[in-house]
Amino acid sequence: MGPLEAFFNQYSWFTYDPSESASHQFHRLQRKAGWERDDPEQKEAWEDYLEALVQQFNTSYGDDENDLTAWHVLLARIGTTDLPATVRDCKSIIEGKFINLVDLVDARDDPSRSIPHFISEVELSKYTLSEHKVFPREHVAAGSLLKYLLRHIISPNANRGVFTVSRSNKKNRRVRH
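First things first, this report covers the structure right here in the doc. Quantities reported herein were computed from a predicted structural model and do not represent experimental measurements.

Let's talk about the overall build of the protein chain
Next up, step 1: Assigned secondary structure in the protein chain consists of eight helices and two strands.
Next up, step 2: Reading the secondary structure of the protein chain in the N-to-C direction produces α-α-α-α-α-α-α-α-β-β.
Next up, step 3: By the burial criterion, 43% of the 177 residues in the protein chain qualify as buried.
Next up, step 4: In the protein chain, of all internal contacts separated by at least 6 residues, the share reaching a separation of at least 24 is 54%.
Next up, step 5: Entry remark: accessible area of the protein chain is about 10,200 Å², with carbon and sulfur atoms responsible for 49%.
Next up, step 6: Taking the average location of the 23 positive side-chain charges in the protein chain and that of its 26 negative ones, the two points are 13 Å from each other.

Things to note about a nonpolar patch on the surface
Next up, step 1: A cluster of nonpolar side chains, Leu 129, Val 134 and Ile 154, forms an exposed patch at the surface whose accessible area comes to about 270 Å².
Next up, step 2: With respect to the helices and strands, the residue Leu 129 is situated in helix α7 (residues 121-131).

A few points about the nonpolar core
Next up, step 1: If you look at the biggest cluster of nonpolar residues, it comprises 40 residues, and the most contacted ones within it are Leu 4, Phe 8, Tyr 49, Phe 57, Leu 74, Leu 104 and Phe 135.
Next up, step 2: Contributing elements (two or more residues each) for this core: α1 (3-9), α2 (22-33), α3 (40-61), α4 (68-77), α5 (87-95), α6 (101-106) and α8 (144-149).
Next up, step 3: The leading source of residues in this core is α3, at eight residues.
Next up, step 4: Contact partners of Leu 74, with chain neighbours within four places excluded, come to Phe 57, Tyr 61, Ile 94, Leu 104, Leu 145 and Leu 149.
Next up, step 5: Core analysis: the second largest hydrophobic core is formed by five residues, Phe 98, Phe 118, Tyr 127 and Ile 153 among them.

Re α4
Next up, step 1: Every buried residue of α4 is accounted for by Ala 70, Trp 71, Leu 74, Leu 75 and Arg 77. For α4, the arc enclosing every buried residue in end-on projection is 160°, short of the 170-degree limit, so these residues lie on one face.
Next up, step 2: Those residues of α4 that are buried are in contact with α3, α5, α6 and α8.

Section: the packing of aromatic side chains
Next up, step 1: By the definition in use, this model includes 17 aromatic pairs.
Next up, step 2: Centroid distance Trp 46 to Tyr 49: 5.4 Å. Interplanar angle 35°. Geometry classified as tilted. Here Trp 46 and its partner Tyr 49 are both found in helix α3, three residues apart, which amounts to about one turn of the helix.
Next up, step 3: With relative accessibility at 26%, the residue Trp 46 sits in the partly exposed group.
Next up, step 4: Given a relative accessible area of 1%, Tyr 49 falls into the buried group.
Next up, step 5: What links up through ring pairs into an aromatic cluster is the set Phe 7, Phe 8, Tyr 11, Trp 13, Phe 14, Tyr 16, Phe 26, Trp 35, Trp 46 and Tyr 49.

Notes on α2
Next up, step 1: Between its first and last C-alpha atoms α2 spans 16 Å; for twelve residues at 1.5 Å apiece the expected length is 16 Å, and the two agree.
Next up, step 2: Where α2 is concerned, the buried positions are Ala 22, Ser 23, Gln 25, Phe 26, Arg 28, Leu 29 and Gln 30.
Next up, step 3: Among the structural elements, α1, α3, α6 and α7 are those in contact with the buried residues of α2.
Next up, step 4: Of the residues trailing α2, Gly 34 is marked for its positive phi of about 75°.

Conventions we followed
- Residues numbered from 1 in each chain as written.
- Predicted model: local features only at pLDDT ≥ 70, side-chain atom pairs only at ≥ 80, totals over all residues.
- Heavy atoms only, no water.
- Helix = DSSP H or I, 4+ residues; strand = E, 2+ residues; numbered from the N terminus.
- Buried < 20%, exposed > 50% of the residue type's maximum accessible area, 1.4 Å probe, protein only.
- Contact = heavy atoms within 4.5 Å.
- Areas by Shrake-Rupley, 256 points an atom, 1.4 Å probe, with all protein chains shown as cover.
- Lys, Arg positive; Asp, Glu negative; His and termini not counted.
- Charge placed at Lys NZ, Arg CZ, Asp CG, Glu CD.
- Patch = residues over 30% accessible without salt bridge, like charges linked within 9 Å, V, L, I, M, F, W, Y side chains within 5 Å.
- Salt bridge = Lys/Arg side-chain N within 4 Å of Asp/Glu carboxyl O.
- Core = buried A, V, L, I, M, F, W, Y, C linked by side-chain atoms within 4.5 Å.
- Arc of directions from axis to C-beta.
- Phe/Tyr/Trp six-rings, centres within 6.5 Å; stacked < 30°, edge-to-face > 60°.
- Expected span 1.5 Å × (residues − 1).

Written out as structure tokens, the structure reads:
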């Protein structure tokens, strides 16, 4: 039993469905329990859910940003077919990717489940906030791999992922930030 399943199973009256997004399930749990957003019970459940989400990421994908095998598992899951030979090259690939980490966790055991890719940090931010699929920015259980992958969702960088003209390039080629 994984961390997310263990979290949801502590509510015996709630039916956990691994095919449904973890974030949507938490909101369903909240509605069924009748919790208001700032209720102490809701806050405690939210913190426990975030803990389970982080632990599930660590269990599914690893927790060390210097582990080449962890990078290969993660990159393969998001559709990279030519896996690099070094961690540095893996990091270079992920810099140009904008994926929601809750979607990544949701797809951990289902290779047929597609993970949306976004063209920029701004587009990822819009999706993440509208779908309520937010990963905790700072969490004690987050490993260095997860921390490396986190993007700025609340205040996204408008230039991350967008093609712009490089001033330092004499040929005026477009470069990706």
